Amino acid sequence: MKSLTLYFSRGSALLLLVIGLATALGAVGSPVVRREFVYEEAPFPQCHASTVVETRAGSLLVAFFGGTKEKDPDVGIWLARQEADGWTAPREVANGVQYKRGDGTVLRYPTWNPVLFQPKEGPLMLFYKVGPNPVEWWGMLMTSDDDGQTWSEPRRLPEGVFGPIKNKPVQLADGSILCPSSAESRETGWTVHLELTHDLGRTWTVVGPINSSDEFDAIQPSVLFHTDGRLQLLCRSRNDVITTSWSGDQGRTWSRMTATALANPSSGTDAVTLADGRQLLVYNPTTRRPDGRSGPRSPLNVAVSTDGVTWTDVAVLEDDEAPNGYSYPAVIQTRDGRVHISYTWRREKIRHVVLDLSQPAP
């Protein structure tokens, strides 16, 4: 009996080890090759809205907002760097402090939705928002000449320019930077627009809004490139679907916004054009609740497409009923061909997942 008990104990331990490895790396057949938290402990209880970038030196940076909870004045922009032995501890690189009053108290607003972007030429850029809420916030920009080790003093963007609202900009063939942006207004609802800069953020041209909230309440677009030269937007909406719009002139004009076949619970998505020409999307395939509130932010799926119209799910990153769910993904493809995704994990941590999509999608 002792030898039988020992046999089952060893077998159980092996089974648990296999299950643990499968959980860390993803299910058998999944393109997930790495899954980790950017940090285990931090000096704030909640976090959200991460962004990820590969620097010129080849290192990964992840930024996000963290504080007591979203909308609280102590919410700042935090940044971590991936090094050979893991991620550095998050450090605050920006906050919403405005000034100190005569009585010693400080006027401070929350920060929101950082976006990291490395142009082909010029410094690393960090966009973020400051303000009491998304209706009243304004855009800010900082730059770094040393891959995020140090940062310039933040500067406010021109009135009506927010920078990329959640998802990364793209750089066009002429070197200009196209920022996918949007606005939330009490009068006109949610609308999508684009912001174009030819000089690394010194001057701007605003295109749009490209939709009316009477048709689609949409925000937070991502920009995709197609082999025929067209650009495509994929947007979050309050209409239970991801919406889309197309441009044939490098983002100067856009088609009427339409619905895709993809569900959306009024939660952020992100997408990227892969080096092989395929499109990749990270999203929550659910819809809003019956009372109109944002729907469940789980599961969190990865889908691919060859035409931006028909999509196939290739991975499930998270799938359980945790109250705060899994949301606000950011996705890039690094120079080695791997796909890196960061996202909010239950509002408690930022998770980083690596995919190998070297094999064609099914």
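For the structure itself, consult the block above.
Residues numbered from 1 in each chain as written. Predicted model: local features only at pLDDT ≥ 70, side-chain atom pairs only at ≥ 80, totals over all residues. Heavy atoms only, no water.

(A) Structural context of the overall build of the protein. Helix and strand content of the protein: one helix and 27 strands. What you see for the protein is a C-alpha radius of gyration of 21 Å, in line with the 21 Å of a compact globule of 362 residues. Taken along its principal axes, the extent of the C-alpha atoms in the protein is 80 × 55 × 45 Å. Among the 362 residues that make up the protein, the fraction classed as buried is 54%. Restricting the contact set of the protein to residue pairs at least 6 apart, pairs at least 24 apart contribute 47%. Surface accessibility of the protein: about 16,400 Å² in total, with carbon and sulfur atoms responsible for 53%. Once the 36 positive and 41 negative side-chain charges of the protein are each reduced to a mean point, those two points are 3 Å apart. (Helix = DSSP H or I, 4+ residues; strand = E, 2+ residues; numbered from the N terminus. Rg over C-alpha atoms; globule rule 2.2 N^0.38 Å. Buried < 20%, exposed > 50% of the residue type's maximum accessible area, 1.4 Å probe, protein only. Contact = heavy atoms within 4.5 Å. Areas by Shrake-Rupley, 256 points an atom, 1.4 Å probe, with all protein chains shown as cover. Lys, Arg positive; Asp, Glu negative; His and termini not counted. Charge placed at Lys NZ, Arg CZ, Asp CG, Glu CD.)

(B) Main features of the sheet that holds strand β20 (residues 258-263). One open sheet accounts for four strands, arranged β17-β18-β19-β20; its pairing is antiparallel. In this open sheet, the two edge strands, each paired with only one partner strand, are β17 (218-225) and β20. For this sheet, the mean angle separating the axes of adjacent strands, direction not counted, is 30°. (Pairing = 2+ DSSP bridges. Axes fitted to C-alpha atoms, helices over the stretch in contact; angles between N-to-C directions.)

(C) The arrangement of the pattern of salt bridges in detail. Applying the stated criterion across every chain, the model contains 17 salt bridges. The salt bridge involving glutamate 92 is made with arginine 108; its shortest N-O contact spans 3.4 Å. Taken as a pair, glutamate 92 in strand β6 (residues 91-94) and arginine 108 in strand β8 (residues 106-108) lie far apart in primary sequence, 16 residues in all. Residue classification places glutamate 92 among the partly exposed residues on the basis of a relative accessible area of 33%. With relative accessibility at 23%, the residue arginine 108 sits in the partly exposed group. Put simply, aspartate 320 and arginine 346 hold a salt bridge, and the shortest N to O gap is 3.4 Å. (Salt bridge = Lys/Arg side-chain N within 4 Å of Asp/Glu carboxyl O.)

(D) Region of the structure containing the environment of leucine 357. Checked against the element boundaries, leucine 357 lands in the segment after β27 (349-355). Residue class for leucine 357 comes out buried when judged on its relative accessible area of 13%. Discounting residues that sit within four places of it in the chain, leucine 357 has contacts with Pro31, Leu274, Arg278, Leu280, Val314 and Val339.

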